[in-house]
Amino acid sequence: MHPLSRRRLALLASGLLASSLCVPALADQPAAWPARPIRIVVAYPAGGVSDMVARALGDRLAVQLGVPVVVDNKAGAGGDIGMDAVAKAAPDGYTLGFSSISPLVLNPHLAKPPFDPVHDIAPVASVMYSPVLLVGTSALAARDFRQLLAQAKARPGEVRWATSGLASLGHIMLEQIMLGSQAQITHVPYKGGGQQLNDALSGQFEVLSTNAAPAVMQQMKAGRLHALAVGAPKRLETLPDVPTLAELGFPAANMTSVFGIFAPGRTPAPVIERLNAEVNRALAQPDVRARLAASDNVPTGGPAADFARQIAQESASNLKVIRAAHIQAQ
């Protein structure tokens, strides 16, 4: 295990903020940005919700900026491959990344990433949060969250909770729930969403934590899965009867997947500021908001500095959970 040192963690907020706001010498600043096509590296496979959102955002940015915006999928290693491509690109505003913040706030606490999350990546803008659904399968006798905890306490270790991987957001949520309830639940880590959903439908485990997505919602509507709780600031309009984990007494576990646009470290401040303004403008457009709403994702936006602070705070919080739960890379 090669976690970030305490000193590096303490520098995360200031480092990310500096990455997004630093102003190089005038000679380093592009004269007329943008003057050629922009590439958005998506840290996930083509065809998924994140890919769909990135393409919708790219289409809108192309209209606003007057240059082509090309999406390039570089999936793998929990987002590290895509973010590494961004980190190693020229800091000129022509290579951006679209990813959840996990490669900055979770992955570095388990293994040394191929890039420096403090200095090599500059947060540009928060794009959306994706609610995390806690879903019961046909193998679960409990019909709601409190019954789930009662079952887990009565039969320690019998309830199996599947997540997208070790130290994933779902795993952190599970550890927070076990810490707050004293229930013993068995973690079942997967390496991808496709097999995870297939196994959920065949009852290979009792509980699944997954990002809100049309495929999952369809299975719930069909009665093959049932929602127990949601990680989100408020209840979803599409699931008004499903409480948030905060409502259920677990505010620390009430987490969402946050996605954003990133640039290489040392990208000139004027470019970061222009990009931030254009992303916020795009997120206000009805067509982009409709694409997000179709998959139960919620647009965010805001200043780059606020996004950097959010990343630093979540990184520090996750480190505490990882250490308390003795989570280690396999």
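On a predicted model such as this, the values are computed, not experimentally measured, just so you know.

Turning to the packing of helix H6 (residues 169–181) against helix H11 (residues 304–324), a few remarks are in order. Close contact between H6 and H11 brings their axes to 10 Å; oriented N to C, the two are set at 60 degrees. On the basis of the axis angle, H6 is oblique to H11. Note on packing geometry: the crossing formed by H6 with H11 is left-handed. Of the residues in H11, those touching H6 at Leu169, Ile172, Glu175 and Gln176 are Glu314, Asn318, Val321 and Ile322. Its residues placed into classes, the contact of H6 with H11 shows four nonpolar, two polar and two charged.

Moving on to the nonpolar core. In terms of nonpolar packing, the biggest core is built from 66 residues, with Leu133, Phe145, Leu148, Met220 and Leu245 touching the most fellow members. If we ignore the near neighbours within four places in the chain, the residues touching Leu148 are Leu134, Leu140, Ala142, Val159, Val207 and Leu228. Grouped together as the second largest cluster of nonpolar side chains are 34 residues, Leu96, Phe98, Ala263 and Val279 included.

Let's shift gears to the side chain of Glu314. Within the element layout of this structure, Glu314 appears in helix H11. Although Glu314 lies buried, it forms no salt bridge, and the closest oppositely charged side chain, Arg309, sits 13 Å away as judged by the N-O distance. Residue contacts for Glu314: discarding those within four places in its chain leaves Ile101, Val105, Leu169 and Met255.

In this structure, Pro113 sits in the loop between helix H4 (102–105) and strand S4 (121–136). Note on Pro113: relative accessible area 11%, which makes it buried. C-alpha separation for the pair Pro113 and Ala77, spaced 36 residues apart in sequence, amounts to 9.7 Å. Apart from the residues within four sequence positions on either side, Pro113 is in contact with Asp80 and Pro108.

We now examine the pairing of strand S7 (residues 207–211). With four of five residues buried, S7 lies mostly within the body of the structure. The pairing of S4 with S7 spans five bridges and is classified as antiparallel. Within S7, the position partnered with Gly136 by the bridge is Val207. Across two bridges, strand S5 (residues 160–163) lies against S7 in parallel orientation. When the bridges of S7 are listed, Trp161 appears paired with Val207.

Rules used throughout
- Counting starts from 1 at the beginning of each chain's written sequence and moves along it residue by residue.
- Residue-level local features of this predicted model are given only where pLDDT is at least 70; pairs of side-chain atoms are given and counted only at 80 or more, and the full residue set underlies all totals for whole chains, interfaces and linings.
- Based on all heavy atoms of the structure, the side-chain values leave hydrogens and waters out of the count.
- Fitting a line to C-alpha atoms yields each axis, with helices limited to the stretch in contact; the angle taken between N-to-C directions then spans 0 to 180 degrees.
- Secondary structure follows DSSP: runs of H or I at least 4 residues long count as helices, runs of E at least 2 residues long count as strands, and numbering of each begins at the N terminus.
- Angle categories: roughly parallel below 35 degrees, roughly antiparallel above 145, roughly perpendicular from 65 to 115, and oblique for all the rest.
- Crossing handedness is read from the near helix: turned anticlockwise from the far helix by less than a right angle, it gives a left-handed crossing, and turned clockwise, a right-handed one.
- For this analysis, residues touch if any pair of their heavy atoms sits within 4.5 Å.
- Charged means Asp, Glu, Lys or Arg here, nonpolar means Ala, Val, Leu, Ile, Met, Phe, Trp, Tyr, Cys or Pro, and polar covers whatever is left, Gly included.
- What we call a nonpolar core is a set of buried Ala, Val, Leu, Ile, Met, Phe, Trp, Tyr and Cys residues that are connected through their side-chain atoms within 4.5 Å.
- Using a 1.4 Å probe on the protein chains alone, a residue whose accessible area is under 20% of its type maximum counts as buried, one over 50% counts as exposed, and one in between counts as partly exposed.
- In this count, Lys and Arg are taken as positive residues and Asp and Glu as negative ones, while His and the chain termini are left out.
- Salt bridge criterion: a side-chain nitrogen from Lys or Arg within 4 Å of a carboxyl oxygen from Asp or Glu.
- Strand pairing is defined by DSSP finding a minimum of two bridges between the two strands.

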